[in-house]
Amino acid sequence: MKLKLSILAALLPLMASAQKANFSITGYIGKLDKPAKAYIDYMDNGNSHEDSCVVTNGTFKFTGNVSGITTSRMAFDHTGQGKQHAIYAPNADVVYIYFGKENMVYTSADSLVNAKVTGSKVYDEFQAYNKQIGGTIMDLTKAVNAEFSRATPEQQKDTAFVKAIDARYRKSIADRNEKQFLFAKNNPNSYFGLVGLSESAGIKVDADKVGPVFKALNAQLRSTDVGKELEQRIQAAGITAIGKAAPMFIQNDVNGKPVSLSDLKGKYVLVEFWASWCAPCRAGNPNLKKQYELYKDKGFEIISVSLDNVKEKWVDAIAKDGLPWIHVSDLKGWNNAVGRLYGVRAVPQSFLLDKDGKIIGNTLRDESLNTKLAEIFN
């Protein structure tokens, strides 16, 4: 017994050390107090985490452990109206950041958005990167919204004026993508070179363009979860093209029963990627239901792959939307094995297969899907 106790006593310091937080984010935002609250969501090595804390005399603090550099969204709820309001309300006080194993401090008289950030080398590198590529997507979106707001009521109703603003916005995004790609080429040892390459690659990856730059990144960056995910998208670009045989997979349905895509050969199959939290996915479900009813008896099937990570939310969404087809998920969120196999980076996304399992359409939605199905079955 003494020996066992001695071993336990020796292990306790090691256990405490292993559990010790390796990052902290502290905020000093004015003098706000309860019911003000701070929220954080962050992705570490492919796994999502979330936390919240009550604000006391303007102060809040998050601590935890990360394996390396992680991406995060932090929102500050000034009035206690909840997380969704804090993130999505007009003029929401929300920031999108990267951090690592460090002690980051936000200091401001009024908000996160206006805060000075200290203590983070990763944050400083992120700011330098954004300066080179022309700002974040949020910066570009704010700029175009401000331009629209400055217009007269007559201009805001003018279709040509609105189209011109939209064209400038799209060009600014395209310019940013090209700068991200160049940053990746010129900075193969920078984590944000990897980030820039991943973002600029987009949903439909040009493997011939992106592949060589990815291979030039240092091995440590390529071995991160972001690197592995990008490598899978590059590979998926070749195996999920029109005319290719769709990658086969097996994943469990809501009852834990394995479902194999190969068992659906002989039917036209829509492999659809979605999630309960995806508003555009949910908005498109009534049309999917209509198409399913029209063609299910003619040899049409849908297999929906959910990128949820909470089973109850997934099952509840299926029930509320009344979706009668096949549903599968491994409940690993963006790390869903089928999603990564198919290179899915955004939802909704879909791939239409013919009776032999070959891909005959992708990113089909609403009218484009309806037209394709009508061509097949009518």
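The shown structure was predicted, so the numbers you read here are calculated from the model rather than taken from an experiment.

Rules behind the numbers
Starting from 1, residues in each chain are numbered consecutively following that chain's sequence as written. For this predicted model, a pLDDT threshold of at least 70 governs which residues receive local features, and a threshold of 80 or more governs which side-chain atom pairs are given and counted, while totals over whole chains, interfaces and linings are taken from all residues. With hydrogens and water set aside, each side-chain value is computed from the structure's full complement of heavy atoms. Axis angles are defined between N-to-C directions and span 0 to 180 degrees, where every axis is a line fitted to C-alpha atoms and, for a helix, only to the segment in contact. A run of H or I in DSSP counts as a helix once it spans at least four residues, and a run of E counts as a strand once it spans at least two, with each numbered from the N terminus. Put simply, angles under 35 degrees are roughly parallel, angles over 145 are roughly antiparallel, angles from 65 to 115 are roughly perpendicular, and the rest are oblique. Whether two residues are in contact is decided by their heavy atoms, any of which lying within 4.5 Å being enough. Think of it as three bins: nonpolar holds Ala, Val, Leu, Ile, Met, Phe, Trp, Tyr, Cys and Pro, charged holds Asp, Glu, Lys and Arg, and polar takes everything else, Gly as well. With the far helix as reference, a near helix turned anticlockwise by less than a right angle produces a left-handed crossing, and one turned clockwise produces a right-handed crossing. When a carboxyl oxygen of Asp or Glu is within 4 Å of a side-chain nitrogen of Lys or Arg, the pair counts as a salt bridge. Buried residues are those whose accessible area, probed at 1.4 Å on protein chains only, stays under 20% of the maximum for their type, while exposed residues exceed 50% and partly exposed ones sit between those limits. Two cysteine sulfur atoms make up a disulfide if the distance between them is within 2.5 Å.

Novice: Would you mind showing me how to read the packing of helix H3 (residues 121-133) against helix H6 (residues 159-186) here?
Specialist: A pair of packed helices can be characterised by two numbers: the angle between their axes and the separation between those axes. At a minimum axis distance of 8 Å, the contact between H3 and H6 shows a crossing angle of 125°. Looking at the two axes, H3 sits oblique to H6. Across from Tyr-129, Asn-130, Gln-132 and Ile-133 in H3, the residues of H6 making contact are Arg-176, Lys-179, Gln-180 and Phe-183. Residues of the contact of H3 with H6, tallied by class, amount to 3 nonpolar, 3 polar and 2 charged.

Novice: Where do I start with the packing of H3 against helix H7 (residues 191-201) in this structure?
Specialist: Here H3 crosses H7 at 50°, and the two axes come no closer than 10 Å. One finds that H3 runs oblique with respect to H7. Crossing geometry of H3 relative to H7 is assigned as right-handed. On the side of H3, the interface is formed by Val-122, Glu-125, Phe-126 and Tyr-129, while H7 contributes Phe-192, Val-195, Gly-196 and Glu-199.

Novice: Explain the pattern of salt bridges to me, please; I cannot follow it from the model alone.
Specialist: Should the charged atoms of two oppositely charged side chains come close, the side chains can pair. Taken as a whole and judged by the stated rule, the model has 16 salt bridges. We note a salt bridge from Arg-73 to Asp-41, for which the minimum N-O separation is 3.3 Å. With Arg-73 in strand S5 (residues 70-77) and Asp-41 in strand S2 (residues 37-44), this residue pair connects regions lying 32 residues apart in the sequence. A relative accessible area of 18% places Asp-41 in the buried class. For Lys-209, the salt bridge goes to Glu-178, with nearest N and O atoms at 3.5 Å. Of this pair, Lys-209 sits in helix H8 (residues 207-216) while Glu-178 sits in helix H6; the two residues are 31 residues apart in sequence, bridging distant segments of the chain. Classification of Lys-209 as partly exposed rests on a relative accessible area of 38%. In this structure, a network of salt bridges that share partners links the residues Asp-41, Glu-50, Arg-73 and Lys-83.

Novice: Teacher, can you tell me more about the state of the cysteines here?
Specialist: According to the stated counting rule, one finds 1 disulfide in the structure shown. Cys-278 shares a disulfide with Cys-281; S-S distance 2.2 Å. When the S-S torsion is 80°, as for the bridge of Cys-278 with Cys-281, the disulfide is right-handed.

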